[in-house]
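Listed below are the residues making up each chain.
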Amino acid sequence: MTSATLPPITMLVPDFPFSYERWLRHPAGLGTLPPDRAGTPVAVVGGGIAGLTAAYELMRLGLRPVVYEAEQLGGRMRSIPFPGHPDCVAEMGAMRFPVSARALFHYIDTLGLRTRPFPNPLAPSTPSTLIDLGGTAVRGRTPEDLPGVYQEVADAWDKALQERAELSTMKEAIRRRDIETLKSVWNRLVREYDDQSFYGFLATTPAFRSFRQREIFGQVGFGTGGWDTDFPNSVLEILRVVFTEADDNHVSIVGGSQQVPRGLWQHAPETIAHWPAGTSLASLHGGTTRPAVTRLRRTGGGIRVEDGNGGSEEFPAVVFSPHVWTLLSRVDCDPVLLPSSHWTAVERTHYMGASKLFVLTDRPFWRDPDPVTGHDTMAMTLTDRMPRGVYLFDDGPDRPGVMCLSYTWNDDSLKFATLSTRERLEVLLTRLAAIYPGVDIRSHIVGDPLTVTWETEPRFMGAFKSNLPGQYRYQRRLFTQFMQERTDERHRGFFLCGDDVSWTAGFAEGAVSTALNAVWGVLDRLGGATHPDNPGPGDVFHSLAPVELPYE
């Protein structure tokens, strides 16, 4: 097989290279339950993409998922329409999706949603990109248009990946589904780099010999732009993204990403056990989820779930999809539901912060040519100043435009945390006026801006998990929690899922894949089984299991 005919790169994560998309697409389905288990209620806490993926598949198996949601369906797939313009949305959370995310795209395709290329910096579909560093601005449509120093930095990054992380070997192994090679190389990298930060990896790479190179790389980065706010995190987090092309070749979902979880809520699957044709999650719930979960308790017969309206019901299994930190504060959780080692992992989970501010404009004025330079008036912008990333979205010259005036992470996000929406807008317009002198952005803005800071959202407390150096062992505990065959009975029946227990947090693919792990766990817990021709993640776990690092 030549390189031209090899399968495409997918998010076949090297820690646990199970092909979730193949499991989903197999005609045998995900499994079957004993007849007496048909219609058994299973609690699903959280109505984001993880919770609704789990609920949808549990329903297809013939169970009765009972979904609890504290706010609105979607979680961090939150698409807010601008008042008076329902077709124009601000993507407050997930807004770009790698085409390598094949399990996620199984559901996008099932729902018949349309996608289009996302305007990342220097992406083929992006009209132009402006990079403003240290008060000096350069423009380009492709990386080749930038000054030589940028190509030197790009070459240094590629050299670091090839020489220190076997990039080509790993990508070819993913394409060929060569699990032996994939695991062999990755397990060695885990042992070598678990205690290494992203910045430490760069600083100890000869190709990044100068601080200036590392500074430029941090501000411009790769794929989606600057990565310096990730510098304190484990370099393993970054390598997973690079190997699986999770930060490249992105698309957006036309009409907003929240259509995916909302679509799963409304969708009646073609094949379903026990329930009559036309059954959907919405119909099983009478159109409304149950309210926020406030208390979880182990009982003699299962797990009791109490909600904010005073409701209480006992379930043989519970799938929990919100950020795990909510188990420490928002939910009064019985400590016995998780082993002590897992509670340590929950406590140590590290979340990234993120802020965004969007405005609606009367039209995509940024496409107007500058009378002096001939360039577009504005471009997708990367800067080392407070906006950091500016993204521009339009549906044609006669339609309103949407500007993401700022997308920031961690320390840069915290700079906005105490500012009101109006104060944020004024700060950003002032900073952008220095980059684009003479461009009157304000005159084109329609209505009020829309903004979010995820670390101050009470039920999220962060955008997504990102491990610090030395946290691989904690991540392994949380990811493998769905495997409960060797677990004490008092810890069984409670299943964590969501992107923060996945190996690729911040990507909806991780939320989907861990939801499917939980589905397998519930199936196994209730006496069901997968088809021999279509084993699930738990059936093959021991042959694919993440490497276990020594504790002593």
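Preceding this paragraph is the structure being described.
About the thresholds
Residues numbered from 1 in each chain as written. Predicted model: local features only at pLDDT ≥ 70, side-chain atom pairs only at ≥ 80, totals over all residues. Heavy atoms only, no water. Phe/Tyr/Trp six-rings, centres within 6.5 Å; stacked < 30°, edge-to-face > 60°. Buried < 20%, exposed > 50% of the residue type's maximum accessible area, 1.4 Å probe, protein only. Pairing = 2+ DSSP bridges. Helix = DSSP H or I, 4+ residues; strand = E, 2+ residues; numbered from the N terminus. Contact = heavy atoms within 4.5 Å. Core = buried A, V, L, I, M, F, W, Y, C linked by side-chain atoms within 4.5 Å. Axes fitted to C-alpha atoms, helices over the stretch in contact; angles between N-to-C directions. Parallel < 35°, antiparallel > 145°, perpendicular 65-115°, else oblique. Left-handed = near helix turned anticlockwise from the far one by under 90°. Nonpolar A, V, L, I, M, F, W, Y, C, P; charged D, E, K, R; others polar. Disulfide = S-S within 2.5 Å.

Novice: With reference to specific residues and values, describe the packing of aromatic side chains.
Specialist: The relative placement of two aromatic rings is captured by the distance of their centres and the angle of their planes. One pass over the structure, following the stated rule, counts 30 aromatic pairs. Relative to Trp-366, the ring of Phe-365 lies with its centre 5.5 Å away and its plane at 70 degrees, an arrangement referred to as edge-to-face. On the basis of an interplanar angle of 40 degrees and a centroid distance of 4.8 Å, the ring pair of Tyr-407 and Trp-409 is categorised as tilted. Judged by its relative accessible area of 18%, Trp-409 falls in the buried class. Members of the aromatic cluster, each reached through a chain of ring pairs, are Phe-16, Phe-18, Tyr-20, Trp-23, Tyr-472, Phe-479, Phe-482, Trp-503, Trp-520 and Phe-541.

Novice: Would you mind going over the sheet that holds strand S6 (residues 115–117) in detail, with residue names and values included?
Specialist: Within the open sheet, the three strands sit side by side as S5-S9-S6. Their pairing is antiparallel. The sheet terminates laterally at strand S5 (97–98) and S6, the two strands that pair on one side only.

Novice: If you had to explain the environment of Ala-54 to someone new, which residues and values would you point to?
Specialist: Structurally, the position occupied by Ala-54 is in helix H2 (residues 49–60). For the pair Ala-54 and Val-44, spaced 10 residues apart in sequence, the C-alpha to C-alpha distance is 7.5 Å. Once residues within four sequence positions are removed from consideration, Ala-54 is found in contact with Val-319, Ala-515 and Val-519.

Novice: Which residues make up the nonpolar core, and what values do they have?
Specialist: Residues Leu-58, Trp-157, Phe-198, Phe-217, Phe-243 and Val-522 are the most contacted members of the largest nonpolar core, which totals 133 residues. In terms of residue count, the dominant contributor to this core is helix H16 (residues 508–525) (10 residues). Formed by 25 residues, the second largest nonpolar core is a distinct cluster that contains Val-45, Leu-296, Val-324 and Val-331.

Novice: Pulling in residues and values, what's your account of the packing of H2 against H16?
Specialist: The interhelical angle for the contact between H2 and H16, taken along N-to-C directions, is 40 degrees, at an axis separation of 8 Å. Taken together, the axes of H2 and H16 are oblique relative to one another. Note on packing geometry: the crossing formed by H2 with H16 is right-handed. Contact residues: Ile-49, Ala-50, Thr-53, Ala-54, Glu-57 and Leu-58 in H2; Ala-511, Val-512, Ala-515, Leu-516, Val-519 and Val-522 in H16. Here the contact of H2 with H16 is composed, by residue class, of 10 nonpolar, one polar and one charged.

Novice: Just give me the short version of the state of the cysteines, but keep the residues and values in it.
Specialist: A covalent bond between the sulfur atoms of two cysteines is what we call a disulfide. Taken as a whole and assessed by the stated rule, the structure comprises zero disulfides. Lacking any disulfide linkage, Cys-88 is separated from the closest cysteine sulfur, that of Cys-404, by 15 Å. Given the relative accessible area of 6%, Cys-88 is considered buried. There is no disulfide at Cys-333, and the cysteine sulfur nearest it, in Cys-497, is 14 Å away.

Novice: Which residues make up the sheet that holds strand S20 (residues 445–453), and what values go with them?
Specialist: What the seven strands build is an open sheet, ordered S8-S7-S17-S18-S19-S16-S20; its pairing is mixed. The sheet terminates laterally at strand S8 (136–140) and S20, the two strands that pair on one side only. The mean inter-strand angle of the sheet, taken between neighbouring strand axes irrespective of direction, is 15 degrees. Sheet topology places strand S16 (residues 354–361) next to strand S19 (residues 401–409); eight bridges connect them, and they run antiparallel. Note on S19: the bridge partner recorded for Lys-356 is Tyr-407.

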